[in-house]
Amino acid sequence: MFRLLSIEFQKILKNRASKFLVLAYFVLLSFIAFIVSIEFELGDFKLRVADQGIFNFPYIWHFNTYIAAWFKLFLAIVVVSMMANEYSYGTLKQNLIDGLSKKEFILSKFYTIVVFALFSTVFVFVLSLILGYSFSSYNEASIVFSDLDYLFAFFIKLVAFFSFCLFLGILVKRSAFALGFLFILFVGEFIIYNLLRWDFYPKTDVYKHVTQFFPLMSMSNLINEPFSRLSAIKNIEATITGESVERLYDVQFTEIAIVLAWTLTFIWLSYKLLQKRDL
């Protein structure tokens, strides 16, 4: 495993664009800390974001993993570029000539994806601890380390998304086209979701049961939006609708299973595609 990882990281470190994107990704994750300085002013009314409890334990695990997941596109570009560069520079063919099997080649990419996801998760964990202990009203260990399943969901979400990007990189061979295909799929899932929800089955939950199996939608379902958990948002919602809306925020085992199934599918398809392709 370490030999395969060494090969991959040598390629990444020799690519300036990849190094820049990886650095930019972790810098952007750090910007979550700057949320504490955001303050809204409406006449005499002042609202400081950090005072709304977003950095309270254990809510911070939900909030930070949800926000951090939006930055995954930077590493997705790196993953797609890894495969595009293999074809452009001929390193894929050279690796196979040098004795690397196609199975080992796919595993080297997958191990790199797992390392990216693991480092991201650890980074968010440490950042959340720092922010939580700085601003949270609750510092008891039993509270601090509850709801850590959001970190696990965050890790699974990144591994699945990057595995999908790897598959697209092998399928399309060009990073721009692969990212374009990713965007088209996102738009397509969004359109189908709304058609099922508002046009075909407006009074049922059919749209949820169907779209939970879509690749991108299933990844999105792992960590639901955290904003409606805030008391300020709940009060506004109750004032408008006249009643409180019950929502599920916990990480669900069935959603984890669906995403893991997609991850295995993407890696298997990547390997099969590489096996059949004449290099």
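The structure under discussion appears in the preceding block.
Rules used in this analysis
- Residues numbered from 1 in each chain as written.
- Predicted model: local features only at pLDDT ≥ 70, side-chain atom pairs only at ≥ 80, totals over all residues.
- Heavy atoms only, no water.
- Helix = DSSP H or I, 4+ residues; strand = E, 2+ residues; numbered from the N terminus.
- Buried < 20%, exposed > 50% of the residue type's maximum accessible area, 1.4 Å probe, protein only.
- Contact = heavy atoms within 4.5 Å.
- Areas by Shrake-Rupley, 256 points an atom, 1.4 Å probe, with all protein chains shown as cover.
- Axes fitted to C-alpha atoms, helices over the stretch in contact; angles between N-to-C directions.
- Parallel < 35°, antiparallel > 145°, perpendicular 65-115°, else oblique.
- Left-handed = near helix turned anticlockwise from the far one by under 90°.
- Nonpolar A, V, L, I, M, F, W, Y, C, P; charged D, E, K, R; others polar.
- Salt bridge = Lys/Arg side-chain N within 4 Å of Asp/Glu carboxyl O.
- Phe/Tyr/Trp six-rings, centres within 6.5 Å; stacked < 30°, edge-to-face > 60°.

Caption draft 1: Representation of the overall build of the protein chain in the model. Secondary structure assignment for the protein chain yields 13 helices and two strands. Every one of the 279 residues in the protein chain was classed for burial, and the buried ones make up 43%. Excluding contacts between residues fewer than 6 apart, the proportion of contacts in the protein chain whose partners are at least 24 apart in sequence is 80%. For the protein chain, the computed accessible surface area is about 15400 Å², with 66% contributed by carbon and sulfur atoms.

Caption draft 2: The arrangement of the environment of Glu 8 in detail. If you trace the backbone, Glu 8 turns up in helix 1 (residues 2-13). Judged by relative accessible area, Glu 8 falls into the buried class, the value being 1%. C-alpha of Glu 8 to C-alpha of Thr 112: the two residues are 104 residues apart in sequence and 7.0 Å apart in space. Here Glu 8 is in contact with Met 82, Glu 86, Ser 108, Lys 109 and Thr 112, once residues within four sequence places are set aside.

Caption draft 3: The packing of helix 8 (residues 149-172) against helix 13 (residues 253-276), seen in detail. Two elements in contact, helix 8 and helix 13, have axes whose closest approach is 9 Å; the angle formed by their N-to-C orientations is 25 degrees. With respect to helix 13, the element helix 8 is oriented roughly parallel. Seen from above, helix 8 lies across helix 13 with left-handed handedness. Two secondary-structure elements touch here, helix 8 through Phe 152, Ala 153, Ile 156, Val 159, Ala 160, Ser 163, Phe 164, Leu 166, Phe 167, Ile 170 and Leu 171 and helix 13 through Ile 256, Val 259, Leu 260, Thr 263, Phe 266, Ile 267, Leu 269, Ser 270 and Leu 273. Residues belonging to the contact of helix 8 with helix 13 are distributed by class as follows: 17 nonpolar, three polar and no charged.

Caption draft 4: Main features of the pattern of salt bridges. Throughout the structure, instances matching the rule amount to one salt bridge. With its nearest N and O atoms 3.0 Å apart, the salt bridge here joins Glu 104 to Arg 3. One end of the pair, Glu 104, is in helix 6 (residues 102-135); the other, Arg 3, is in helix 1, and 101 residues separate them in sequence. With a relative accessible area of 24%, Glu 104 lands in the partly exposed category. Residue classification places Arg 3 among the partly exposed positions, given a relative accessible area of 49%.

Caption draft 5: Molecular detail of the packing of aromatic side chains. Under the definition given, this model contains 14 aromatic pairs. Ring geometry for Phe 26 versus Phe 123: centroids 5.4 Å apart, planes at 65 degrees, classification edge-to-face. Highlighted residues: Phe 26 in helix 2 (residues 16-30) and Phe 123 in helix 6, separated in sequence by 97 residues. Given a relative accessible area of 18%, Phe 26 falls into the buried group. On the numbers, 5.9 Å between centres and 40 degrees between planes, the contact of Phe 55 with Phe 135 is tilted. With Phe 55 in the loop between strand 2 (45-48) and helix 3 (59-69) and Phe 135 in helix 6, this pair connects stretches of sequence that are 80 residues apart. Assessed through its relative accessible area of 1%, Phe 55 is described here as buried. Pairwise contacts between aromatic rings join Phe 55, Tyr 59, Phe 63 and Phe 135 into one cluster.

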